[in-house]
Amino acid sequence: EKEEQERLLRIETQHQAQLLREKQTQQRIQREIEEQERIAHKEREEAIERAKPPSFVMEANELVRSVFERRMQYAAPFESSTDASIKKRRMQMKKIIVRGFNTLVPDELKIRSVVDSVVAAIRESQVVDDQAKRFLQQQQGGCAPEMAYGTFYLLDLIVSDVIKRSEAEGFNGTRGDGFPLAITVTLISTKLAEEQSAVRKQFEDTMAAHLYAVCPMAIPSVSRATSVDGKAMTELELKESLGMKKLKATSSEQELKFETFERFLARTEGLISITAALQCAKPINHTMLNGQKGALTWLTRFLDSLPAPPAKPLPLTTAPVLIAFLTVAGHMLANTFADDFLTMVDIIQNSVKGR
């Protein structure tokens, strides 16, 4: 009987030991599963964080949203108004801007003449807007509400014309086509600042927002083919993130179409060229796109936005964008920020060019 009890005890002890081993194995497996899940979660979080745009890109996107919201609120109603007085104002504004910009050449006297006529038109528009606001506040008849939106429309018209010319197929920014246009814009901004005009910031914000809207790389925002959730972008998302222009579909076309990649690159080169020209243009103390300092900041951010070595190849837009920017801004950067620019050139030569 004693031997039987000892045998049963041994069996029970072995059974309990087996149960303990099984429990420990299950716990180890559970810990391994949890660790794998933790690592996977961390990797997902890191991928999402990497896919998030930098703060300066989010600020630029917010500026675009804000400016285009005001554009719909003020410029669009002024453009579509059928009021005779507003139609007359629109015609006069377009005549001043289009005719003036059509005559721009690399001549200081001509540029200053166009600047003076545009600034005078802005002043006059502000006066008419103020009169319209007083009429509306006093609830006097004979004045359409849109009559008070003329200045916003005029600033939007100036900027839209600059963008249109910079996107044109015949525009060659690397040849210097953008400088007369850019100097005209920066002189307008500077004159508005000298007069302590409240519309100067509005003008500069509108210029920046229009550029960012049609060319994200002017921010610069470099697409990494990854959406904010860390997943690979679809072809449509990638084209939109690059800033490729949508084409108007015909009634028989169901699929959304975009401009060709060749046209996109050419248009981007023009817009990057005008961005650089605006930052480099005289007077040197202007604040359009943060002026000369803005050019150095742009180049630094653009290089920082590229995938780190040894990742390759780099985005196809890298070389065309850098060439367009440096052809226009390189001379100013080399003379104004020699040490910083030398560092940037070294990075391009050793870390970018070969990829």
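Residues numbered from 1 in each chain as written. Predicted model: local features only at pLDDT ≥ 70, side-chain atom pairs only at ≥ 80, totals over all residues. Heavy atoms only, no water.

(A) Quick peek at the overall build of the protein chain. Of the regular secondary structure elements, the protein chain holds 12 helices and two strands. Secondary structure of the protein chain in N-to-C order comes out as α-α-α-α-α-α-α-α-β-β-α-α-α-α. Computed over the C-alpha atoms, the radius of gyration of the protein chain is 30 Å, more than 25% above the 20 Å expected from 2.2 N^0.38 for a compact globule of 355 residues. Pairs at least 24 apart in sequence give 70% of the contacts found in the protein chain among residues at least 6 apart. As displayed, the protein chain has an accessible area near 20,800 Å², and 53% of this comes from carbon and sulfur atoms. The average position of the 48 basic charges and that of the 48 acidic charges among the side chains of the protein chain differ by 6 Å. (Helix = DSSP H or I, 4+ residues; strand = E, 2+ residues; numbered from the N terminus. Rg over C-alpha atoms; globule rule 2.2 N^0.38 Å. Contact = heavy atoms within 4.5 Å. Areas by Shrake-Rupley, 256 points an atom, 1.4 Å probe, with all protein chains shown as cover. Lys, Arg positive; Asp, Glu negative; His and termini not counted. Charge placed at Lys NZ, Arg CZ, Asp CG, Glu CD.)

(B) Structural context of the side chain of threonine 318. Relative to the assigned elements, threonine 318 resides in helix H11 (residues 318-336). In this structure threonine 318 touches Phe302, Leu306 and Val352, once residues within four positions along its chain are discounted.

(C) Structural detail: the confidence of the model for the protein chain. Within the protein chain, residue pLDDT values average 89, and 93% of them lie at 70 or more. Summarising per-element confidence for the protein chain, the mean pLDDT is lowest in helix H8 (residues 235-242) (78) and highest in helix H5 (residues 150-167) (96). (pLDDT = per-residue confidence, 0-100.)

(D) Representation of the packing of helix H3 (residues 84-102) against helix H4 (residues 108-137) in the model. Contact geometry for H3 and H4: axes closest at 10 Å, N-to-C directions at 165 degrees. Between H3 and H4, the crossing angle belongs to the class labelled roughly antiparallel. The two elements H3 and H4 meet at a crossing, and its hand is left-handed. Facing Arg89, Met93, Ile96, Ile97, Gly100 and Phe101 of H3, the residues of H4 in contact are Val114, Ser117, Val118, Ala121, Ser125, Val128 and Asp129. Each residue belonging to the contact of H3 with H4 can be placed in one class, and the counts come to eight nonpolar, three polar and two charged. (Axes fitted to C-alpha atoms, helices over the stretch in contact; angles between N-to-C directions. Parallel < 35°, antiparallel > 145°, perpendicular 65-115°, else oblique. Left-handed = near helix turned anticlockwise from the far one by under 90°. Nonpolar A, V, L, I, M, F, W, Y, C, P; charged D, E, K, R; others polar.)

(E) How the structure looks around the packing of H4 against H5. For the pair H4 and H5, the least separation of the axes is 8 Å and the interaxial angle reads 155 degrees. The angle between H4 and H5 falls in the class roughly antiparallel. For the pair H4 and H5, contact is made by Val118, Ala121, Ile122, Ser125, Gln126 and Asp129 and by Gly150, Thr151, Leu154, Leu155 and Ile158, respectively. Counted by class, the contact of H4 with H5 contains six nonpolar, four polar and one charged residues.

(F) Looking closely at the pattern of salt bridges. Under the criterion given, the structure shown has 17 salt bridges. The residue arginine 65 makes a salt bridge to glutamate 62 at a minimum N-O spacing of 2.6 Å. Within this pair, arginine 65 and its partner glutamate 62 are both found in helix H2 (residues 55-80), separated by three residues, close to a single helical turn. For glutamate 62, a relative accessible area of 40% corresponds to the partly exposed category. Across the pair arginine 123 and glutamate 195 runs a salt bridge whose closest N-O atoms are separated by 2.6 Å. A residue pair is termed long-range when its members are at least 10 positions apart, and arginine 123 in helix H4 and glutamate 195 in the loop between helix H6 (178-194) and helix H7 (199-214) qualify at 72 residues. Given the relative accessible area of 39%, arginine 123 is considered partly exposed. According to the relative accessible area criterion, glutamate 195 is partly exposed, its value standing at 37%. (Salt bridge = Lys/Arg side-chain N within 4 Å of Asp/Glu carboxyl O. Buried < 20%, exposed > 50% of the residue type's maximum accessible area, 1.4 Å probe, protein only.)

(G) Broad picture of the state of the cysteines. Under the defined criterion, the tally for this structure stands at zero disulfides. Here cysteine 280 is not cross-linked by a disulfide; its sulfur's nearest cysteine counterpart is in cysteine 215, at 16 Å. (Disulfide = S-S within 2.5 Å.)

(H) Inspection of helix H9 (residues 261-280) at higher detail. Its 20 residues give H9 an end-to-end C-alpha distance of 28 Å, which sits within 8% of 28 Å, the value for a rise of 1.5 Å per residue. Counting buried residues along H9, 15 of its 20 residues qualify, which places the element largely inside the surrounding structure. (Expected span 1.5 Å × (residues − 1).)

(I) Inspection of the environment of serine 80 at higher detail. Within the element layout of this structure, serine 80 appears in helix H2. A relative accessible area of 54% places serine 80 in the exposed class. Along the primary structure serine 80 and glutamate 146 are separated by 66 residues, whereas in three dimensions their C-alpha atoms are 9.5 Å apart.

(J) Structural context of the packing of aromatic side chains. Summed over all chains, the structure comprises six aromatic pairs. Between tyrosine 74 and phenylalanine 152, the aromatic rings sit 5.8 Å apart at their centres with planes inclined by 50 degrees, giving tilted as the arrangement. Here phenylalanine 152 lies in helix H5 and tyrosine 74 lies in helix H2, a separation of 78 residues in the sequence. For tyrosine 74, a relative accessible area of 26% corresponds to the partly exposed category. For phenylalanine 152, a relative accessible area of 8% gives the class buried. Through a chain of ring-to-ring contacts, three or more aromatic side chains come together here, namely Tyr74, Tyr149 and Phe152. (Phe/Tyr/Trp six-rings, centres within 6.5 Å; stacked < 30°, edge-to-face > 60°.)

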